[in-house]
Amino acid sequence: MKVLFFLFLGILWIQGHPIDNAPIDVATRSMAPRDMGVSTHEDHDKLWFVVNWSKVENVDKTDPILGYKVKIWKVKKVKSTVYASNADGKFVPMEVEALPELDLQKDPSDELTVIDVPADKTEVTYHGMKKKVTYEIAVYAYTAKNKGTSSNKMRIEVEPDKGD
């Protein structure tokens, strides 16, 4: 019984302490980009955002990281029907529009922009951002042979001004 207890503790220790909790890609032997941040900027009528992340270290010197791919999707809202009670207490159908849930395993099928960033850079600027559009963003490193694991996805949206 003691052996099982220590074996269980050993498994917890190994699984609970990956480097910075970033997944390591077996093919590229590199970690996913982490510490991703997004900042939005506005100058008169022009909107843009800047995406940055921590540099990915590659342990395979024979297949170095060549760069990063930044994927940016314009996520569309989906319509669905919900039922709510009216003043008479009867349930009536109402159509609502909402963003789909953020799926960490599957990429959206919406409009996609991919920006290639050199390996020595950890920042990219996306111009042409629009108000009231939701953007979903992910970053991954790549080598000549492989595509690395994607970072955690983020969503951003710029709300319209109160006068709009």
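Residues numbered from 1 in each chain as written. Predicted model: local features only at pLDDT ≥ 70, side-chain atom pairs only at ≥ 80, totals over all residues. Heavy atoms only, no water.

1. Comments concerning the environment of K71
Then comes step 1: Within the fold, K71 resides in strand 5 (residues 65-75).
Then comes step 2: Exposure remark for K71: the relative accessible area of 14% places this residue in the buried category.
Then comes step 3: When the C-alpha positions of K71 and I137 are compared, they lie 5.7 Å apart, and in sequence the two are 66 residues distant.
Then comes step 4: The contacts of K71, once residues within four sequence positions are left out, are D107, L112, T113, V114, E136, I137, A138, Y140 and K147. (Helix = DSSP H or I, 4+ residues; strand = E, 2+ residues; numbered from the N terminus. Buried < 20%, exposed > 50% of the residue type's maximum accessible area, 1.4 Å probe, protein only. Contact = heavy atoms within 4.5 Å.)

2. Let's talk about the sheet that holds strand 3 (residues 37-43)
Strand pairing within a sheet occurs via backbone hydrogen bonds; the two strands may be parallel or antiparallel.
Then comes step 1: Taken in spatial order, the three strands line up as 3-4-9 in an open sheet, and their pairing is antiparallel. Since the sheet does not close on itself, it has two edges, and those belong to strand 3 and strand 9 (123-127), each with one partner. For this sheet the average axis-to-axis angle between neighbouring strands, irrespective of direction, equals 20°.
Then comes step 2: Pairing of strand 3 with strand 4 (residues 46-52), which is carried by seven bridges, proceeds in the antiparallel orientation. Opposite E42, over in strand 4, you have L47 as the bridge partner. (Pairing = 2+ DSSP bridges. Axes fitted to C-alpha atoms, helices over the stretch in contact; angles between N-to-C directions.)

3. Notes on the confidence of the model for the chain
Residues shown with low pLDDT carry predicted positions that ought not to be read at fine detail.
Then comes step 1: Per-residue confidence for the chain gives a mean pLDDT of 79, with 79% of residues at or over 70.
Then comes step 2: Predicted confidence in the chain is weakest over helix 1 (residues 2-16), with a mean pLDDT of 36, and strongest over strand 9, with 96.
Then comes step 3: Contacts from residues 1-29, a stretch scored under 50 in pLDDT, to residues over four places away or in other chains number 28 contacts. (pLDDT = per-residue confidence, 0-100.)

4. Quick word on the sheet that holds strand 11 (residues 154-157)
Then comes step 1: Strand order in the open sheet formed by four strands is 8-5-10-11, with antiparallel pairing between adjacent strands. Bordering the open sheet on either side are strand 8 (111-118) and strand 11, each of which pairs with just one other strand. Across this sheet, the average inter-strand angle for adjacent strands is 25°, counted without regard to direction.
Then comes step 2: Across four bridges, strand 10 (residues 134-143) lies against strand 11 in antiparallel orientation. Bridging across to strand 11, T134 finds its partner in E157.

5. Digging into the packing of aromatic side chains
Then comes step 1: In total, this model carries four aromatic pairs according to the counting rule given.
Then comes step 2: Arranged with centres 5.2 Å apart and planes meeting at 65°, the rings of W53 and Y68 form a pair that is edge-to-face. Of this pair, W53 sits in the loop between strand 4 and strand 5 while Y68 sits in strand 5, placing them 15 residues apart in sequence.
Then comes step 3: Lying across the ring of Y142, K69 places its NZ or CZ 5.1 Å from the centre.
Then comes step 4: Taking the ring centre of Y140 as reference, the NZ or CZ of K147 above it sits at 4.7 Å. (Phe/Tyr/Trp six-rings, centres within 6.5 Å; stacked < 30°, edge-to-face > 60°. Lys NZ or Arg CZ within 6 Å of the ring centre and 35° of its normal.)

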